[in-house]
Amino acid sequence: MPLPVIGQNPCEGPGEWPMRLLERTSFLETLSHYATDARQGSGRLVLISGESGMGKTVLIEAFQQRTANVRWLWGACDGIRTPRPLGPLFDIGMQAGGELAELCRRDATRDQMFAAFLAEADASATLTVVVIEDVHWADEATIDLLNVLGRRLGRMRALLLATYRDDELADDHPLRVVLGDLATQRATRRMRLPPLSEAAVRDLVGERDVDAAELHRITGGNPFFGTAHEVRTGRTAGDRGRRAHRRTSRSIAAVVAALRCAGGRELDQRNSRRGRRRIALQARAGTDGG
Ligand SMILES: Nc1ncnc2c1ncn2[C@@H]1O[C@H](COP(=O)(O)OP(=O)(O)OP(=O)(O)O)[C@@H](O)[C@H]1O
Ligand SMILES: [Mg+2]
């Protein structure tokens, strides 16, 4: 199996940049501040939350684009029934090479791997940014790793960015307890991505024949649905001809159809049952309202 490219998100591959990331400037600036803290020896664990499609991954990729002199190590949890224990640490180990990679290959003990990872994250002459994606799917050993890291990062020159869908954490999810513990650690910072405003959805819609206010209402400002719609309808002002002035129920129906499509196919790939349910409900509401 080919190894993931060093320094790139191995799950998503290189994104299409430059993309227009709306209403996230302040979050990028805050991440830059945390990177500065980490370079000075006050490492940070940043818990980046938001529902599926809210832009957690693209935020980190945008941060990567604008941050020089950093070594990036990416790991991700998988939404499968039996996730491999410490799956993200194996991703990271194979990118980092050296002792950690060797321990991964040997299936070493958990303590050995944790120790090697801590040493690796702190060792580089440049700042190391470790990304662990989708920790709502983390196995218990990975949750322990987050806990261990959260307690030690404050004295390390490393930045750990962990993403999760906060709307998919049941009350008894093991991650909840650890998030509570981590909240009291001085290295921990929380970042919750809010929905896009109506103005931003209007920006995404551009010249297309869609009522932005209605799209915002239907999607709840979730940028993924905004862009999914844009890709699927692909209609421009030029296409509209004489109908340019009309914002009819047909255009809303097109949005709803696009959202159904996104809900049924793309969200399915994202394993988000809750997301599919929500979009189906919103689509129904949109049809009725259109
Ligand atoms: N701020 C934004 N401005 C414009 N488009 C955005 C923004 N945020 C996200 N998008 C669009 O939504 C898509 C989904 O974003 P992303 O994959 O980062 O979501 P996510 O929060 O990581 O979702 P998941 O929990 O499913 O991994 C992006 O590919 C992009 O097209
Ligand atoms: Mg993501």
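All values derive from a computational prediction rather than experimental measurement.

In this structure, Leu89, Phe117, Ile132, Val135 and Leu160 are the most contacted members of the largest nonpolar core, which totals 40 residues. The set of elements that each furnish at least two residues to this core consists of β1 (44–49), α3 (87–96), α4 (98–106), α5 (110–123), β3 (127–133), α6 (140–152), β4 (158–164) and α7 (174–183). The next biggest cluster of nonpolar side chains, apart from the first, holds 23 residues, and it includes Ala35, Leu127, Leu159 and Met191.

Along a regular strand, successive side chains alternate from one face of the sheet to the other. Burial analysis of β4 places seven of its seven residues in the buried class, which makes it a mostly covered element. On β4, burial covers both faces: Ala158, Leu160, Ala162 and Tyr164 on one face and Leu159, Leu161 and Thr163 on the other are all buried. Relative to β4, β1 runs parallel, the two sharing six bridges. Looking at β4, one finds that Arg44 is bridged to Leu159. With five bridges joining them, β3 and β4 adopt parallel strand pairing. By the bridge assignment, Val130 is partnered in β4 with Leu160. Regarding the hand of the β-α-β motif, the stretch spanning β3, α6 and β4 is right-handed.

A few words on α5. Residues spaced three or four apart along an α-helix point in a common direction, a consequence of the helix completing one turn every 3.6 residues. In this model, α5 (14 residues) spans 20 Å end to end at C-alpha, consistent with the 20 Å of a helix rising 1.5 Å per residue. Residues Met113, Phe114, Ala116, Phe117, Leu118, Glu120 and Ala121 constitute the buried set of α5. Packed against the buried residues of α5 are β2 (70–76), α3, α4, β3, α6 and β4.

Taken residue by residue, α7 has Leu175, Val178, Leu179 and Leu182 as its buried positions. Looking down the long axis of α7, one finds its buried residues gathered within 105° of arc, a one-sided arrangement.

What counts as what
Residue numbers restart at each chain and count upward from 1, following the sequence in its written direction. All chains are assigned letters beginning with A, and all ligands numbers beginning with 1, in the order in which they are written. Since the coordinates come from a predicted model, pLDDT governs what is reported: local features require at least 70, and pairs of side-chain atoms require 80 or more to be given and counted, while whole-chain, interface and lining totals use all residues. As a rule here, side-chain values come from all non-hydrogen atoms in the structure, and water together with hydrogens is ignored. Within this scheme, the nonpolar core is defined by two criteria: the residues are buried Ala, Val, Leu, Ile, Met, Phe, Trp, Tyr or Cys, and they are joined through side-chain atoms within 4.5 Å. Type-normalised accessible area, obtained with a 1.4 Å probe on protein chains alone, sets the label of each residue: buried when under 20%, exposed when over 50%, and partly exposed for intermediate values. Starting at the N terminus, helices and strands are each numbered in turn, a helix being any DSSP run of H or I of at least four residues and a strand any DSSP run of E of at least two. Pairing between strands is defined by DSSP: at least two bridges between the two strands are required. For the handedness criterion, the strands are oriented away from the viewer, and a crossover whose path from the first strand over the helix to the second runs clockwise is classed as right-handed. For a helix, the expected span equals 1.5 Å multiplied by the number of residues minus one. In this analysis, two residues are considered to be in contact whenever any of their non-hydrogen atoms come within 4.5 Å of each other. Note that the arc is computed from the directions linking the helix axis to the C-beta atoms.

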